Amino acid sequence: MSRIDHITVTAPTLAAGAAFVLKALGATPQPGGEHPRMGTHNLLLRLGDALFLEIIAPNPDAPPPGRPRWFALDRLAPDSPPSLGTWVARTDDIRATAAVGSEDLGPVEPMSRGQRNWLITIPADGSVALDGVAPALIEWDDHPHPAAGLPDQGLSLARLEIFHPDPQRAAALLASIGLEDAVACQHGDKPRLVAHINTPQGIKELST
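This section reports on the structure supplied with the text. (Residues numbered from 1 in each chain as written. Predicted model: local features only at pLDDT ≥ 70, side-chain atom pairs only at ≥ 80, totals over all residues. Heavy atoms only, no water.)

1. A closer look at the pairing of strand β11 (residues 192-199)
- Among the eight residues that make up β11, six are buried, leaving the element largely enclosed by the rest of the structure.
- Alignment of strand β9 (residues 156-164) against β11, held across seven bridges, turns out to be antiparallel. Residue Arg159 lies in a different strand from β11, and its bridge partner there is His196.
- In terms of strand pairing, β11 meets strand β12 (residues 202-207) through six bridges, oriented antiparallel. Residue pairing across strands places Asn198 opposite Ile203, the latter belonging to β12. (Buried < 20%, exposed > 50% of the residue type's maximum accessible area, 1.4 Å probe, protein only. Helix = DSSP H or I, 4+ residues; strand = E, 2+ residues; numbered from the N terminus. Pairing = 2+ DSSP bridges.)

2. Brief notes about empty space enclosed by the protein
- Inspection of the entire model under this criterion finds two cavities of 30 Å³ or more.
- The calculated volume of the largest cavity comes to roughly 100 Å³.
- Of all the secondary-structure elements, those providing two or more residues to the lining of the largest cavity are β3 (40-48), β4 (51-58), β7 (116-121) and β8 (136-140).
- Per element, the largest residue contribution to the lining of the largest cavity is three residues, and it comes from β4.
- Grouping the amino acids of the lining of the largest cavity by side-chain chemistry returns nine nonpolar, three polar and two charged.
- Within this model, the second largest cavity holds a volume of roughly 80 Å³.
- Taken together, 13 residues form the lining of the second largest cavity, with Thr121, Pro123, Ser127, Val128 and Ala136 sitting closest to its centre. (1 Å grid on protein atoms, 1.4 Å probe; cavity = no way out; pocket = protein on both sides within 12 Å on 5 of 7 lines; lining within 4 Å. Points joined across faces, edges and corners; volume = space filled by probe spheres on them. Nonpolar A, V, L, I, M, F, W, Y, C, P; charged D, E, K, R; others polar.)

3. Quick notes on the sheet that holds strand β10 (residues 184-187)
- In spatial order, the strands read β10-β9-β11-β12; together these four strands make up an open sheet with mixed pairing. In this open sheet, the two edge strands, each paired with only one partner strand, are β10 and β12. On average, each strand axis in the sheet is inclined to that of its neighbour by 25°, with strand direction left out of account.
- Contacts between helix α1 (residues 14-25) and the sheet are confined to β11 and β12, with β12 contributing the most and set at about 145° to the helix.
- Along the sheet, helix α4 (residues 167-176) makes contact with β9 and β10, crossing β10 at roughly 165°. (Axes fitted to C-alpha atoms, helices over the stretch in contact; angles between N-to-C directions. Contact = heavy atoms within 4.5 Å.)

4. Regarding the side chain of His41
- Within the secondary structure, His41 sits in strand β3.
- A polar contact is formed between the side chain of His41 and the backbone oxygen of Pro58, at a distance of 3.4 Å. (Polar contact = N/O pair within 3.5 Å; in protein donor to acceptor, adjacent residues only side chain to side chain.)

5. Notes on the pattern of salt bridges
- Counted under the stated rule, the structure contains eight salt bridges.
- A salt bridge links Asp5 to Arg90; its shortest N-O distance comes to 2.7 Å. In this pair, Asp5 is assigned in strand β1 (residues 3-10) and Arg90 in strand β5 (residues 83-90), connecting sequence segments 85 residues apart. By the burial criterion, Asp5 is buried, and Arg90 matches it.
- With its nearest N and O atoms 2.8 Å apart, the salt bridge here joins Glu109 to Arg67. (Salt bridge = Lys/Arg side-chain N within 4 Å of Asp/Glu carboxyl O.)

6. Details of the nonpolar core
- Ranked by internal contacts, the top residues of the largest apolar core, which has 41 residues, are Ile7, Leu53, Trp87 and Leu160.
- Ignoring sequence-local partners within four residues, the contact set of Ile7 consists of Leu47, Phe52, Leu53, Glu54, Leu84, Thr86, Trp87, Leu160, Ala195 and Ile197.
- Counting residues in hydrophobic clusters, the runner-up holds 17 residues, among them Phe52, Met111, Trp140 and Leu150. (Core = buried A, V, L, I, M, F, W, Y, C linked by side-chain atoms within 4.5 Å.)

7. A look at the packing of aromatic side chains
- Scanning all chains against the criterion turns up two aromatic pairs.
- Residues Trp70 and Phe71 carry aromatic rings whose centres are separated by 5.0 Å and whose planes lie at 5° to one another, so their mutual orientation is stacked. Exposure class is identical for Trp70 and Phe71. Each is buried.
- Taken together, a centroid distance of 5.1 Å and an interplanar angle of 55° make the contact between Trp118 and Trp140 tilted. One end of the pair, Trp118, is in strand β7; the other, Trp140, is in strand β8, and 22 residues separate them in sequence.
- Residue Trp140 is classed as buried on the basis of its relative accessible area of 14%. (Phe/Tyr/Trp six-rings, centres within 6.5 Å; stacked < 30°, edge-to-face > 60°.)

Structure (structure tokens):
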């Protein structure tokens, strides 16, 4: 069984990502930290007790990672608009879940941010699997979930949708990793993600 763990806004800079989220959701993200192995850093917004929104961008103060950055961040131009770039599904046994997935989600790798450690799937070329709509898989360490320490700004995830020219393929992936009832798969001319977020001002959208 897997669960939606977080949704990720990718941006060329954290400032651009924060401005995008503030305009879209009316909320200011909190400082996250740095990912030394990827040369990235992030900001966070609580969406529930064990669910959050992440803004991630290349860290200009970090040395180049010597490999493609995750979530296709190296493909962003300096003036690329921020967008809902990907999402992450939590599992208690990442290797077993990845092994039964109907799509190759990438090797399982160790990662860290400050005192937090976890395992995550990352395609070797830094892409997002299934044309940009598949989740990464994550298995957290034994610390409390990162969302638990974030202030509650009245936000929650109402629903997450996948649009893909072959929605059956996307649905098959979700079913194979135990997420068939968590995310809606629909036909779309191009692959994209849409997140519907409950806010104090009503439901707002973030999209690819």
